[in-house]
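Observations on chain architecture
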Amino acid sequence: MVDSTVESIKQLPSSNLPLPTVFLEFLQKNCIDPSLYDLHDSIPRYIRIKRGNESYLQKIEAELKCNLQAVSWLPGFFAIPSYIHIASLSIYREGKIYGMDAASGAAVLALNVLPGDHVLDLCAAPGAKLCMLSDMLGDTGSLTGVDISRQRLAACRTMLQKYALGDHCRLFVADGTSFSLLPLRKNLNAKLCSGSEKSEYNQYVFKEWSSRRRWIERKNAKKTSIISGTSEPELIFYGRYSGIIGLSKCEIFDKRFEHENSDFGYDKVLVDAECTHDGSIKHVQKFEHWGWETLQRRLLDAQRMDNLMHLQLQLLTNGFKLLKDGGTLVYSTCSLTTAQNESILEQFLLKNKHAGLVEIDLAKDWPCKSGRIPKTLRFDPCTSKTSGLFVAKLVKRSKYENK
Ligand SMILES: C[S@@+](CC[C@H](N)C(=O)[O-])C[C@H]1O[C@@H](n2cnc3c(N)ncnc32)[C@H](O)[C@@H]1O
């Protein structure tokens, strides 16, 4: 590990941004070149066209007042100059396009979502990847979005509604490290609640979701806390075809299959974990306005860093637990450090014998580098002309499968 004194920082190339010493120290400790943050103007902004809106290309170009440059390695994505802001454009307000970095799109594509899949997005907010996942599923399968922040997850709900992508989705405010609800399998879940349990716990049957729900409906959207003080999942949105309508509370919040995930788990899980966001140049740039001291408090506090890495490992572990045998998980973060990426994976793989790292086939054409561990990928502003992102793909081998 490199020595992190201010003296040695002076020997490092610095950035044109007035990055605070503590951030420079952090970068140095993690062998990240601060001049990376000078590239902010040379990285394009990316947009994704919602499926079915491809015929609007010319209208989109006219509104943007520029030519769209198709990202050759990522279907549906286009690069536009970074100075163009899309929020005021009608094509954005009408839900035809959304802003999403190309590296984020690659992480979603790496999951290889297939029609009919049951997909879990364990850190879903603010929701760009969730929207893309839903767009890929189309009118099939199911999508469960989880986030610990109610406010941020509410933004996801707004996004799903704006883009009319919520029909097969359900959103839970919950801790992703302990979330344990499996995909709804209608016939199975419906059989679960019977007799006394049903009568005392489950009178309420869920009707079509409405933003103006009565208090009784909001109350029922929370799982009853069995042990007081524990935070239980709260359902804050469900679509028409999410499988929720017509089910009772007990059927939705049933955990009886908790230990049998190998058959009833999710086909695909995305763990886009909370991180220090140091790979997102645009995010770091925002601290110029928010104040650099906020960066120190919010991202680099030593205690927070320890907790963060513990959180990442727990999220990955729980996401994997919720996967069915043969299912696929993608772990990603927008940190460039190895501590939040390769090291987390190594710790996880040591403890999880049924987990296997696999090659991301599509990546042959992607402008990214290999991570420190073979088969993992790193997008970075220099090589990829995208935001920084680490991506790793894992499969869950069956307990009965020989390695
Ligand atoms: C990198 S962001 C996810 C970005 C999102 N996937 C997207 O594409 O818009 C990480 C998210 O993890 C959430 N988070 C943090 N701790 C969590 C936890 N214990 N369980 C679930 N979500 C958590 C944060 O609220 C944040 O929204």
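As the structure is a prediction and not an experimental result, all values here were calculated from the model.

What to know about the overall build of the protein
Looking only at helices and strands, the protein has 17 helices and 14 strands in total. Relative to its 403 residues, the protein shows a buried fraction of 43%. A fraction of 76% describes how many contacts in the protein between residues 6 or more apart in sequence connect residues 24 or more apart.

Quick notes on the nonpolar core
Formed by 92 residues in total, the largest nonpolar core has its most connected members in Ala 106, Leu 122, Leu 133, Val 269, Val 271, Tyr 331 and Val 391. Of the domains in this structure, domain 2 (45-99) and domain 3 (124-175 + 183-256) are the two that each give at least three residues to this core. In this structure, Val 271 is in contact with Leu 122, Cys 123, Leu 315, Leu 316, Gly 319, Leu 329 and Tyr 331, ignoring residues within four places of it in sequence. Membership of the second largest hydrophobic core comes to 12 residues, among which are Phe 26, Ile 32, Tyr 37 and Val 284.

Some words on the UniProt feature "active site" (unreviewed entry) in the protein
Taken from the UniProt record, the annotation "active site" (unreviewed entry) applies to Cys 334. For Cys 334, a count of 25 C-beta atoms within 10 Å gives the class buried. Setting aside its immediate chain neighbours within four residues, Cys 334 contacts Cys 275, His 277, Gly 279, Ser 280, Ser 387, Gly 388 and Leu 389.

Regarding the domain arrangement of the protein
Examined at the domain level, the protein breaks down into domain 1 (6-41), domain 2 (45-99) and domain 3 (124-175 + 183-256). Computed from C-alpha atoms alone, the centre-to-centre distance between domain 1 and domain 2 is 33 Å.

Quick notes on the pairing of strand 8 (residues 234-238)
Of all 5 residues making up strand 8, 4 are buried, and the element is well covered by its neighbours. Bridge count for strand 7 (residues 169-173) against strand 8 is 4 bridges, and the pairing is antiparallel. Across the sheet, residue Leu 171 finds its bridge partner in strand 8, namely Phe 237.

Considerations on unusual backbone geometry
Cis rather than trans, the peptide bond between Ala 125 and Pro 126 has omega equal to 5°. Here Pro 126 shows up in the loop between strand 5 (118-121) and helix 6 (128-137). If you check the backbone angles, Cys 31 has positive phi at about 55° while not being a glycine. Residue Cys 31 is classed as exposed on the basis of its 12 C-beta neighbours within 10 Å.

Considerations on the site of the ligand
What surrounds the ligand is a group of 19 residues, the closest being Cys 123, Lys 129, Ile 148, Gly 176 and Asp 272. Of all elements in the fold, only helix 6 and strand 6 (142-147) reach the threshold of two or more residues within the shell around the ligand.

Focus: the sheet that holds strand 4 (residues 97-99)
Pairing within the open sheet is antiparallel, and its 4 strands lie in the order 2-3-1-4. Taken across any chain shown, the strands that pair with only one partner, and hence form the sheet edges, are strand 2 (69-70) and strand 4.

Describing the pairing of strand 9 (residues 266-272)
Summarising burial for strand 9: 7 of the 7 residues are buried, a large majority. Of the pairings in the sheet, the one linking strand 9 to strand 10 (residues 323-333) comprises 6 bridges and is parallel in character. Considered in strand 10, the bridge of Asp 272 is made with Ser 332.

Things to note about the confidence of the model for the protein
If pLDDT is low for a region, its predicted coordinates should not be looked at in detail. Summary statistics for the protein give a mean pLDDT of 86 and a share of 85% for residues scoring 70 or more. Confidence estimates for the predicted assembly give a pTM of 0.91 and an ipTM of 0.99.

A few points about helix 2 (residues 21-29)
Listed in full, the buried residues belonging to helix 2 are Phe 23, Phe 26, Leu 27 and Gln 28. In the segment just after helix 2, Cys 31 is the residue with positive phi, at about 55°.

As for the environment of Gln 151
Summarising the element assignment, Gln 151 is placed in helix 7 (residues 150-162). Residue class for Gln 151 comes out exposed when judged on the 10 C-beta atoms lying within 10 Å of it. In the structure, Gln 151 is positioned 25 residues away from Pro 126 in sequence and 9.2 Å away in space, judged by C-alpha atoms.

As for the environment of Pro 183
Along the polypeptide, Pro 183 turns up in the loop between strand 7 and helix 8 (186-192). Those residues in contact with Pro 183 that lie beyond four places of it in its chain are His 118, Ser 142, Thr 144 and Tyr 266.

Brief notes about the packing of helix 5 (residues 102-110) against helix 6
The contact between helix 5 and helix 6 brings their axes to 10 Å, and the two run at 45°. One way to sum up the angle between helix 5 and helix 6 is to call them oblique. The two elements helix 5 and helix 6 cross, and the hand of that crossing is right-handed. For the pair formed by helix 5 and helix 6, the contact residues are Ser 104, Gly 105, Ala 107 and Val 108 on the first element and Ala 128, Lys 129, Met 132 and Leu 133 on the second. Class assignment of the residues belonging to the contact of helix 5 with helix 6 gives a composition of 5 nonpolar, 2 polar and 1 charged.

Topic: the packing of helix 15 (residues 302-321) against helix 16 (residues 342-351)
Close contact between helix 15 and helix 16 brings their axes to 10 Å; oriented N to C, the two are set at 50°. As judged from the angle between their axes, helix 15 and helix 16 are oblique. Read as a crossing pair, helix 15 and helix 16 show a hand that is right-handed. Contacts between helix 15 and helix 16 involve Met 309, Gln 312, Leu 313, Leu 316 and Thr 317 from the former and Ile 344, Gln 347 and Phe 348 from the latter. Here the residues of the contact of helix 15 with helix 16 are counted per class, giving 5 nonpolar, 3 polar and no charged.

The rules behind each value
Residues numbered from 1 in each chain as written. Predicted model: local features only at pLDDT ≥ 70, side-chain atom pairs only at ≥ 80, totals over all residues. Helix = DSSP H or I, 4+ residues; strand = E, 2+ residues; numbered from the N terminus. Buried ≥ 20, exposed ≤ 12 C-beta atoms within 10 Å, placed from the backbone. Contact = placed C-beta atoms within 7 Å. Core = buried A, V, L, I, M, F, W, Y, C linked by C-beta atoms within 7 Å. Domains from an automatic or database assignment. UniProt positions renumbered as here; feature names shortened; annotations may be inferred. Pairing = 2+ DSSP bridges. Near = placed C-beta within 6 Å. pLDDT = per-residue confidence, 0-100. Axes fitted to C-alpha atoms, helices over the stretch in contact; angles between N-to-C directions. Parallel < 35°, antiparallel > 145°, perpendicular 65-115°, else oblique. Left-handed = near helix turned anticlockwise from the far one by under 90°. Nonpolar A, V, L, I, M, F, W, Y, C, P; charged D, E, K, R; others polar.

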